[in-house]
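Each chain is listed here by its residues.
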Amino acid sequence: MATVPLGFRLLPGVSNNSTRDTRYKIFILVFTFFVYTSYHCSRKPISIVKNELHKNCTVLGINDTSCDWKPFDHANFKELLGSLDYAYLFAYAIGMFLSGHIAERMNLRYFLTAGMISSGVMTIAFGLGYFWGIHSFAYYIVVQILCGLVQASGWPSVVATVGNWWGKGKRGLIMGVWNCHTSVGNILGSVIAGVFVSTAWGWSFIIPGLIITFMGVLVFFFHVPKPSDVGCSDPDQNGQAAPMTDETHQECHPQYESVVSRFRLS
């Protein structure tokens, strides 16, 4: 049985099992919403910064390509920028295939934490290319490939967690509302990237990278992949908490009784 995350132990609890189950289910739903929002936030900057890597210099009164960021200042800039997308998407597809297998064989909390922090590091690395004055196309391609691989850690992990906590009942409603993280993350990433893109586009990557890294740390302290990990009831096929028998209660709750009792309301 998995160890209860340190941060999760600090959450307020109640003595009533059904109420505790509901509160924890809502917490996990909201928490994973913001987790995957940070994934989308960190993916968006590249689409905003592309126009800054190769600008229309004549608009600025410049007759050459000195306003562009090398190596995207040549006539083949479209192929180079497109290659960044291809590299990411191809690596993401491979990573998604691998992530599904790996996630089934290890603790989702550790897997998701590693994936998010790695995603943050790769996103920050792309932005540091601006401050370090890196003009090697190979550098940006490698960063995009590695970023695609580690970004694939998110979807299998959060979907599995939501499924474990909510079951199949009302799955359409829950997933429909929860999937708003895609739009929220894209909007947030666009706004952040837009603030810095014309002044120092490196920050357009570094800020979202720091956000997903911070969320990765929170995952380590608060993420619980399964209800049984904290002594809660697993949902049945209708999405309701399955009744807990005396045998199951004796099996699950002794390890958490000391934790739960600390938060019982008087």
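Residues numbered from 1 in each chain as written. Predicted model: local features only at pLDDT ≥ 70, side-chain atom pairs only at ≥ 80, totals over all residues. Heavy atoms only, no water.

Caption draft 1: Quick peek at helix α9 (residues 181–196). Taking 1.5 Å of rise per residue, the 16 residues of α9 would be expected to cover 22 Å, and the 23 Å separating its terminal C-alpha atoms lies within 8% of that figure. Listed as buried for α9 are His181, Gly185, Gly189, Ile192 and Ala193. Seen end-on, α9 carries its buried residues on one side only, within an arc spanning 95°. The outward face of α9, more than 90 degrees from its buried face, is lined by the exposed residues Ile187 and Val195. (Helix = DSSP H or I, 4+ residues; strand = E, 2+ residues; numbered from the N terminus. Expected span 1.5 Å × (residues − 1). Buried < 20%, exposed > 50% of the residue type's maximum accessible area, 1.4 Å probe, protein only. Arc of directions from axis to C-beta.)

Caption draft 2: Region of interest: the environment of glycine 185. Summarising the element assignment, glycine 185 is placed in helix α9. The buried category is assigned to glycine 185, whose relative accessible area is 0%. Not counting residues up to four positions away in its chain, the partners in contact with glycine 185 are Thr37, His40 and Cys41. (Contact = heavy atoms within 4.5 Å.)

Caption draft 3: Spatial organisation of the nonpolar core. By size, the foremost hydrophobic cluster in this structure holds 30 residues, and its most contacted members are Phe8, Val35, Tyr39, Leu112, Met116, Trp165 and Val230. Looking at this core, the element that brings in the most residues is helix α2 (residues 17–43), giving eight residues. Dropping the residues within four chain positions of it, tryptophan 165 is found in contact with Asp21, Tyr24, Lys25, Ile28, Val224, Pro225, Lys226, Pro227, Val230, Cys232 and Pro235. (Core = buried A, V, L, I, M, F, W, Y, C linked by side-chain atoms within 4.5 Å.)

Caption draft 4: The side chain of glutamate 52, seen in detail. Here glutamate 52 is to be found in helix α3 (residues 45–53). Overall, the relative accessible area of 15% leaves glutamate 52 in the buried class. Those residues in contact with glutamate 52, other than ones at most four positions away along the chain, are Val197, Ser198 and Trp201.

Caption draft 5: The confidence of the model for the protein, seen in detail. Per-residue confidence for the protein averages 83 on the pLDDT scale, and 80% of its residues sit at or above 70. Low pLDDT, under 50, characterises residues 245–266; the predicted model gives this stretch 31 contacts beyond four residues in sequence or across chains. (pLDDT = per-residue confidence, 0-100.)

Caption draft 6: Layout of α3. Of all the residues in α3, the buried ones are Pro45, Ile46, Val49, Lys50, Glu52 and Leu53. For α3, the angular spread of the buried residues around the axis is 165°, confining them to a single face.

Caption draft 7: Just the pattern of salt bridges, in detail. Overall, the coordinates contain two salt bridges when judged by the stated rule. Between aspartate 85 and lysine 50 there is a salt bridge, with the nearest N and O atoms lying 2.2 Å from each other. Of the two residues, aspartate 85 sits in helix α4 (residues 77–103) while lysine 50 sits in helix α3, which places them 35 residues apart along the sequence. Note on aspartate 85: relative accessible area 25%, which makes it partly exposed. Between arginine 105 and glutamate 104 there is a salt bridge; the shortest N-O distance is 3.8 Å. For the pair arginine 105 and glutamate 104, one class covers both residues: exposed. (Salt bridge = Lys/Arg side-chain N within 4 Å of Asp/Glu carboxyl O.)

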